Protein chains: 2
Amino acid sequence: MSKYCFGVDLGGTTVKIGLFDPEGTVIEKWEIPTIKTDSGSRILPDIARSVLDKMEESNIAKESVIGVGIGVPGPVDENGVVHRAVNLGWDIMNVNEVLGGLLEMPVKAGNDANVAALGEMWRGGGKGCKNMVLATLGTGVGGGIIVDGKIVTGATGAGGEIGHIHIVDDEPDACGCGNHGCLEQYASATGVVRLANRKLNACSDNSVLRDAKEKGKLGGKQIFDAAKAGDKVACAIVDEFCMYLGKGLAMIAGVVNPEAFVLGGGVSKAGEILREGVQKQYQKYVFHGSSDAQFKLAELGNDAGIYGAAKLVL
Amino acid sequence: MSKYCFGVDLGGTTVKIGLFDPEGTVIEKWEIPTIKTDSGSRILPDIARSVLDKMEESNIAKESVIGVGIGVPGPVDENGVVHRAVNLGWDIMNVNEVLGGLLEMPVKAGNDANVAALGEMWRGGGKGCKNMVLATLGTGVGGGIIVDGKIVTGATGAGGEIGHIHIVDDEPDACGCGNHGCLEQYASATGVVRLANRKLNACSDNSVLRDAKEKGKLGGKQIFDAAKAGDKVACAIVDEFCMYLGKGLAMIAGVVNPEAFVLGGGVSKAGEILREGVQKQYQKYVFHGSSDAQFKLAELGNDAGIYGAAKLVL
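Residues numbered from 1 in each chain as written. Chains lettered and ligands numbered in written order. Predicted model: local features only at pLDDT ≥ 70, side-chain atom pairs only at ≥ 80, totals over all residues. Heavy atoms only, no water.

**Q** Please clarify how the environment of A:Ala113 should be interpreted in this entry.
**A** All names here are of chain A. Checked against the element boundaries, Ala 113 lands in helix 4 (residues 112–123). In sequence terms Ala 113 and Glu 161 are 48 residues apart; their C-alpha atoms lie 9.0 Å from each other. Discounting residues that sit within four places of it in the chain, Ala 113 has contacts with Leu 134, Gly 143 and Gly 144. (Helix = DSSP H or I, 4+ residues; strand = E, 2+ residues; numbered from the N terminus. Contact = heavy atoms within 4.5 Å.)

**Q** What exactly am I supposed to notice about the relation of the copies chain B and chain A here?
**A** Copies of the same chain, two in number, are related to each other by a rotation about an axis and a translation along it. Expressed as a screw operation, the relation of chain B to chain A combines 0.0 Å of axial shift with a rotation of 180°, fitting to an RMSD of 0.0 Å. Those values place the two copies in the arrangement expected of a two-fold rotation axis. Interface overlap between copies: 100% of the residues of chain B at the interface are likewise at the interface in chain A, consistent with a symmetric, same-surface contact. (Least-squares fit on C-alpha atoms with pLDDT ≥ 70 in both.)

**Q** I would appreciate a short explanation of the sheet that holds strand 9 (residues 141–147) of chain A in the present structure.
**A** Two orientations exist for strands paired in a sheet by backbone hydrogen bonds: parallel and antiparallel. All names here are of chain A. The sheet built from five strands is open, its strands ordered 10-9-8-11-12 with mixed pairing. Lying at the two open borders of the sheet, with one neighbouring strand each, are strand 10 (150–151) and strand 12 (294–297). With two bridges connecting them, strand 9 and strand 10 associate as antiparallel partners. Paired with Ile 146 across the strands is Ile 151, a residue of strand 10. (Pairing = 2+ DSSP bridges.)

**Q** Explain the sheet that holds strand 1 (residues 4–10) of chain A here, please?
**A** Residues and elements named next belong to chain A. The strand order 3-2-1-4-7 describes an open sheet built from five strands, whose pairing is mixed. Either end of the sheet is taken by a strand with one partner, and the two such strands are strand 3 (26–33) and strand 7 (107–111). Taking the axes of each pair of neighbouring strands and ignoring which way they run, one obtains an average angle of 15° across the sheet. Sheet topology note: the strand 4 (residues 65–72)/strand 7 ladder contains five bridges and is parallel. (Axes fitted to C-alpha atoms, helices over the stretch in contact; angles between N-to-C directions.)

This is the structure in structure tokens:
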């Protein structure tokens, strides 16, 4: 009898679901909306309904499902208890128990950024690694630390919160977390725009970015594109971005000494200019024992979550 | 039949050996010299001889020994292979195989700092923790990271090399590793003396430390003692020391989110002034998700290594 598992990526707007075979091939994937009314009490029943419907439609018996893994946007402890997932309206929710009860199948929950790291290790940019760090460069900076093939959850689910590593001492602006000088204030999509605004204010050199800045339309993609086209101011901004990220990843290497760093999230679409730039800066700050770490781009894009979630139960 | 295990702490000058019961009680401990002639080729045979002699003396049969754990001063991979232990004269040495062959018993080797962390978790300051970081503040700064009860070795044995995390951008002096601004340039016994010399040169305030400085006899213990006695310059130096260490440990928390930090090594004999000072500074830099971490002093002193080594095989 064939065996299956499901990987669920629960986001604030949509839930992505994948049906996998145990080797990690996606058989089918689909999405349902995340309906957050009534303190998010419909979310898990909606997911259970969708999974059960798919099983009926595809003639899959319960006995042939290994389990259902799910990534959740919030801190998740080792028993699958989510402590305050603000985006979903949840206070304390035992996902393993509640969703497991609805499905009558084994369920295992993890934090979404950590689960994405597991996905990239299994089937993406970190394939073949047992010790890997995923840095997700989006609006903020998220992270997932894999040690010996397993996610580092930490004591309170805050393992891999690399966006809030202190990296700059004299930062006047506050980070969303309340501290000053966190990595995500520089090495994110919003961070690179802040760096660009500062740079453009501090110099009067010509740059294709000035016009966009005056129109209030400066964006991360534009800055990396301008650097690729040789715009000197844009190149300096990208260098600075890579310096902060390289320095942060070197600090992380001093703790877990990974085989590879995988760069994901929207900013990673910049590609080689980012990968090479970060690796170069990393070498300036890292202890020689960790200098061999590889730098890779994430490969699974928005599907990293469903892959990693499936891997949770395998 | 009673069961036993041995824990060996291999240092550059002496080898400490402990005979344990499986609950972690030391039945007996002793030392032999580390004789490093002939590229360190006598070291493992000497250890094997000492262990076998003890077994004969105490009427312990091979069948009742669970195994022999050993901490080694150098990077050790997961198979027990040591890659260049300069202090011992070794190039590449498979300790598990060589010592295991001599003893005809299971042998498991680990890096000494990591093994000490395991000891402190098992029977010392981190008792009851599954996620813990040991910071060993000696001549340099060493570290051991425990995640889910296991040592984080890393891809090349450089896991927990926290002394070389980059912490200061504009440091003119080079660290022993060749980089500039490593944590151990500030948060070690030599680091606190550097901080004191700089402070005393930069101000003209009265301090009991001036006399010692002029005689070239300024030491870490003296600086902490002066701060305890209320010397203002010494207090400022200790504050600065704690700021660097607190900041470094906050960065580490952003990666592995431990339940507790345990402070060990010679400098940790300063006691509460250090523990409280570091915890206070840590709170300024850490992400709120990791703010509950406890700060403890190491309890096993020089015996942490034999305890942790014994735990390796249990």
